[in-house]
Amino acid sequence: TQQSHIKKGQKSKDQKSKDQKSKDQTLKLDPNQVIASVNKIPIDLKAFNTHVALLLSHSKRKKPSLKLQTRAARKAIRLLLTKEMLTQEMKKNKLTTKLPEIQVRVTQRKNALKKIHSTPTRFQTYVNRRGHTLDSYDIYLWNKEVTYTLMKNQKQLEPTAKEVKDLYQRMISRFSRPERV
């Protein structure tokens, strides 16, 4: 048979044509193709691929493993979805006027971290160890600041007296034990 004449590690003509077809199919993806949406606001493949590429760019390997690619894809879609949800929530609560203020706080926070880490290389290492690139870290900080602003606006940051009392009652056994060193 034809298969018996193929050396180990070589592919048959059928296998080569199947591989070529699958490569052709992946190349024909439309960058404007919607991969997710939040309340009918689309997130397209181009934005997703950009974020995945940014997350993979700090990998030391030339070709990242499938596991690393999967993690980067999950993180990218999570960042994009969260950002879109928070943006919509800001619009819904009529807080879009606070967006410049939020961006200032993000910049201040980032500058404070840069000062702590003293050199751009050390700051880059800090960001990379948290699984981000500089761009994705900006989105992460922006998401945190918007979440804080929304919670503050809805007065969810300060517990009520009843919430404190309920927590104390649930944790009373911990509060009645002597301290341990």
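Residues numbered from 1 in each chain as written. Predicted model: local features only at pLDDT ≥ 70, side-chain atom pairs only at ≥ 80, totals over all residues. Heavy atoms only, no water.

(A) Highlighting the pattern of salt bridges. Overall, the coordinates contain six salt bridges when judged by the stated rule. The residue Glu89 makes a salt bridge to Lys92 at a minimum N-O spacing of 3.9 Å. Separated by three residues within a single helix, Glu89 and Lys92 lie in helix α3 (residues 66-92), roughly one turn from each other. By relative accessible area, Lys92 is classed as exposed at 60%. The closest approach of N and O atoms between Arg105 and Glu101, which form a salt bridge, is 3.0 Å. Placement of the pair is Arg105 and Glu101 together in helix α4 (residues 99-117), with a separation of four residues, close to one helical turn. Put simply, Glu101, Arg105, Arg109 and Glu145 are held in one network by salt bridges that share partners. (Salt bridge = Lys/Arg side-chain N within 4 Å of Asp/Glu carboxyl O. Helix = DSSP H or I, 4+ residues; strand = E, 2+ residues; numbered from the N terminus. Buried < 20%, exposed > 50% of the residue type's maximum accessible area, 1.4 Å probe, protein only.)

(B) Quick look at the packing of α4 against helix α5 (residues 120-129). It is at 8 Å that the axes of α4 and α5 come closest, and there the two elements cross at 115°. With respect to the hand of their crossing, α4 and α5 are arranged in right-handed fashion. Here Lys110, Leu113, Lys114 and His117 of α4 lie close against α5, whose contacting residues are Arg122, Phe123 and Tyr126. Within the contact of α4 with α5, the residues separate by chemical class into three nonpolar, one polar and three charged. (Axes fitted to C-alpha atoms, helices over the stretch in contact; angles between N-to-C directions. Left-handed = near helix turned anticlockwise from the far one by under 90°. Contact = heavy atoms within 4.5 Å. Nonpolar A, V, L, I, M, F, W, Y, C, P; charged D, E, K, R; others polar.)

(C) Structural view of helix α2 (residues 45-56). With twelve residues, α2 ought to run about 16 Å at 1.5 Å a step, and its terminal C-alpha atoms sit 16 Å apart, in line with that. On the buried face of α2, the contacting elements are β1 (34-38), β2 (41-44), α3 and α6 (134-153). (Expected span 1.5 Å × (residues − 1).)

(D) Expanded view of the environment of Tyr137. With respect to the helices and strands, Tyr137 occurs in helix α6. With near-sequence residues (within four places) excluded, Tyr137 lies in contact with Leu113, Tyr126, Val127 and His132.

(E) Representation of a nonpolar patch on the surface. Residues Tyr168, Ile172 and Phe175 make up a contiguous nonpolar surface patch of roughly 310 Å² in combined accessible area. With respect to the helices and strands, the residue Tyr168 is situated in helix α7 (residues 161-170). The exposure class assigned to Tyr168 is partly exposed, which follows from its relative accessible area of 40%. (Patch = residues over 30% accessible without salt bridge, like charges linked within 9 Å, V, L, I, M, F, W, Y side chains within 5 Å. Areas by Shrake-Rupley, 256 points an atom, 1.4 Å probe, with all protein chains shown as cover.)

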